[in-house]
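These are the residues of each chain, in order.
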Amino acid sequence: MSGSRSVAPEVEVGMMKALDVEESILEGLSNDLQDSLRPDPKMESREKAALRIQLMLEGMARKYHIKGEVKMFGSFSNGFKTGSSDMDVVLLTPLVADAVPLLKKFEAEMTPEVGIGNITKIYQASVPLLKLTDMKTGMEVDFCINNELGVRNSQLLHTYCEYDSRVLRLGRLVKDWAKKHELVGTADGCLNSYAYMLLVIYYLQTLEEPVLPNLQEMATESVLVTDMKWGCSDRWETKFWTDVSSLEPSKNTATVAELLIGFFHYYVKEFDWSSHAVCMRLNKSGENVDKFKLNTPTTKDQWYVEDPFDLRHNLAGKCSIAGKARILKKMEESLEFLKQPGGWEKACPSGNLETYLLKLRVSTSVTAHSLLEMFEEFDLTRLYFPKPESNVRMAQAYLEFSSYSSRRRAHTCNERWIADDCQLQLHYSTQHSLSEAIDQGNISTYEMASYKMQRQVFAARMMSQSGGSGATRLGPGNFPENLSMQPGSGAPGGVDPAAAPAFNFMWSGSAQSAGGNPQHPPRQMMQHAGPMVQMGWPNGMPPGPGNGQPGQIPPQPPGNNTARPPGPPPGPPPPEAHMVPSMANFMQMQMQQQQQKHQHQN
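Residues numbered from 1 in each chain as written. Predicted model: local features only at pLDDT ≥ 70, side-chain atom pairs only at ≥ 80, totals over all residues. Heavy atoms only, no water.

(A) A look at helix 8 (residues 193-206). With 14 residues, helix 8 should reach 20 Å at 1.5 Å per residue; the first-to-last C-alpha distance of 20 Å fits that figure. Burial within helix 8 is extensive, with 13 of its 14 residues counted as buried. (Helix = DSSP H or I, 4+ residues; strand = E, 2+ residues; numbered from the N terminus. Expected span 1.5 Å × (residues − 1). Buried < 20%, exposed > 50% of the residue type's maximum accessible area, 1.4 Å probe, protein only.)

(B) Highlighting unusual backbone geometry. Of note in the backbone geometry, Asn146 takes a positive phi value of approximately 60 degrees without being a glycine. If you trace the backbone, Asn146 turns up in the loop between strand 6 (140-145) and helix 6 (148-163). Phi is positive for Glu182, close to 55 degrees, though the residue is something other than glycine. The class for Glu182 is buried, based on a relative accessible area of 13%.

(C) Up close: the packing of aromatic side chains. Applying the stated rule across the entire model yields 17 aromatic pairs. Geometrically, the ring pair formed by Tyr203 and Phe263 is edge-to-face, given 6.0 Å between the ring centres and 80 degrees between the ring planes. Of this pair, Tyr203 sits in helix 8 while Phe263 sits in helix 10 (residues 256-270), placing them 60 residues apart in sequence. Of the two residues, Tyr203 and Phe263, neither departs from the other in class, the shared state being buried. Cluster of aromatic residues (ring-pair linked, three or more members): Trp177, Tyr202, Tyr203, Phe263, Phe264, Tyr266, Tyr267, Phe271, Trp273 and Trp303. When the ring centre of Tyr428 is taken as origin, the NZ or CZ atom of Arg407, which lies over that ring, is 4.0 Å away. (Phe/Tyr/Trp six-rings, centres within 6.5 Å; stacked < 30°, edge-to-face > 60°. Lys NZ or Arg CZ within 6 Å of the ring centre and 35° of its normal.)

(D) Inspection of the sheet that holds strand 4 (residues 116-122) at higher detail. With mixed pairing, the five strands of this open sheet are ordered in space as 2-3-6-5-4. Among the strands making up the open sheet, the edge pair consists of strand 2 (69-73) and strand 4. On average, each strand axis in the sheet is inclined to that of its neighbour by 25 degrees, with strand direction left out of account. Relative to strand 5 (residues 129-134), strand 4 runs antiparallel, the two being bridged by five bridges. Bridge pairing in strand 5 links Ile122 to Leu129. (Pairing = 2+ DSSP bridges. Axes fitted to C-alpha atoms, helices over the stretch in contact; angles between N-to-C directions.)

(E) Region of the structure containing the sheet that holds strand 13 (residues 394-401). In spatial order, the strands read 16-11-13-12-17; together these five strands make up an open sheet with antiparallel pairing. Because the sheet does not close on itself, it has two edges, and the strands there are strand 16 (427-429) and strand 17 (443-447). If you compare each strand with its neighbour and ignore which way they point, the axes differ by 30 degrees on average. Contacts from helix 13 (residues 368-375) reach strand 11 (356-363), strand 12 (380-386), strand 13 and strand 17, with the element oriented near 155 degrees to strand 12. (Contact = heavy atoms within 4.5 Å.)

What follows is the structure, encoded as structure tokens:
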């Protein structure tokens, strides 16, 4: 289907006057961008690693007598690679109907002995793959079978980069910008990195004096590729003009700084997302493509970014309402920042992410306890678990880790079964997605530190009951399921405001007594608990500021100003307080013993 075009609003090459950008601002921005585009010192070692991995995979193919060719594609071959880019590599081999059995053969060969770690199976994807880490450089590698369309896509983008070097520079800036703002990833309702590169090329084709020609339109020699991604055999036309040295250079003389400002201006102010498609296959200068006349059905609200070869694939098809709003908001903010001194640092702030999240869907048979146990070894810090809803079979959960490497190791659990009806599908996620889930009010927060403390307390209780001998410290795998945990406040990075970290597994929130006075977590009770506490905390006291010698009353939790006077421990908590069921009777017994002791002394 060829699609149709309509005349677009004029996009002026000398756009800076129209956008009211001062020459001094442009000059400063150009200098800032030049610094950002300096070669990454890690690139040389990563390129050597990429060649080493390619040779290793070729050797594994020969071992199993697999005929074919190992090729790199994606950012490592399309020109847009950076020092943090993943390596995409594919084995092109004939007569392979199912990629998974072949991937399993390679999986068996990938061990630490050959310098490979973090083997992650992603066999349920439309293009099955193995994700792995090169242990020497830390470079991530995605390995798949017969993704010839991916190879052709990469070759097309690389050819555009060869035609005009501004394509590469603008593309790298936009890619870096999107990653800094956590705007990359279809799992969170945004675009992937490849889609952002298509936005760049489409924009550069659209200018009144285009930076780029339409290489697909210029080609005459057919190049058909067969693909099975949609569950059937599709043959796609992948032709494009490859001899760019024979073409006249672009007459557009805009700088990268001007084009960057123009890029944000175009998609915020000019492009009509409700009617038009980002379709570089049909694009011409000054014209737009009607998205309703392309191959894939769409709606007014759905964005449309067409894959240049796979005409069924709308790369914006999974963009959510919230994701689209975030992208446009950040584009608009960045457009204004770039018109100011020091604008690039404001538009694309330096620094690394501080939150490392995985998201997954869990069935009602999966418990918070089972996830805490499974991911404890990967330095899980918090679990955000869905509150039970009777009408929802699968709900969203989030796992927060202490570092990128911890999250990456945890990702190796992908496709494990955690219940009879739940196989883990783990996706990298962002703070945006977590905040949206929490705002809906259906998430409870579980602190791993509290989970571990609860386990220590339970172990101490068991030792106390056994007379102090024969007790075994509880760890993952022998923590009793019936010792339930209470979630914290549900706020990202927070705990229950009415409980110190050591207690939010036992006491959830400030309960009100019959008289209306707040009942605080019974911390004083803990200092009389004897061996049970001393097993877990120095000096027999829970950790926290102000805790000193045994007998000192710890400060009250933040937000509660009612101090408890020295004396016997308080009576049992009100019924509405959430005590750990299997520990409650033991704590009640401890309190009664202390009360009797105090009465005897008096």
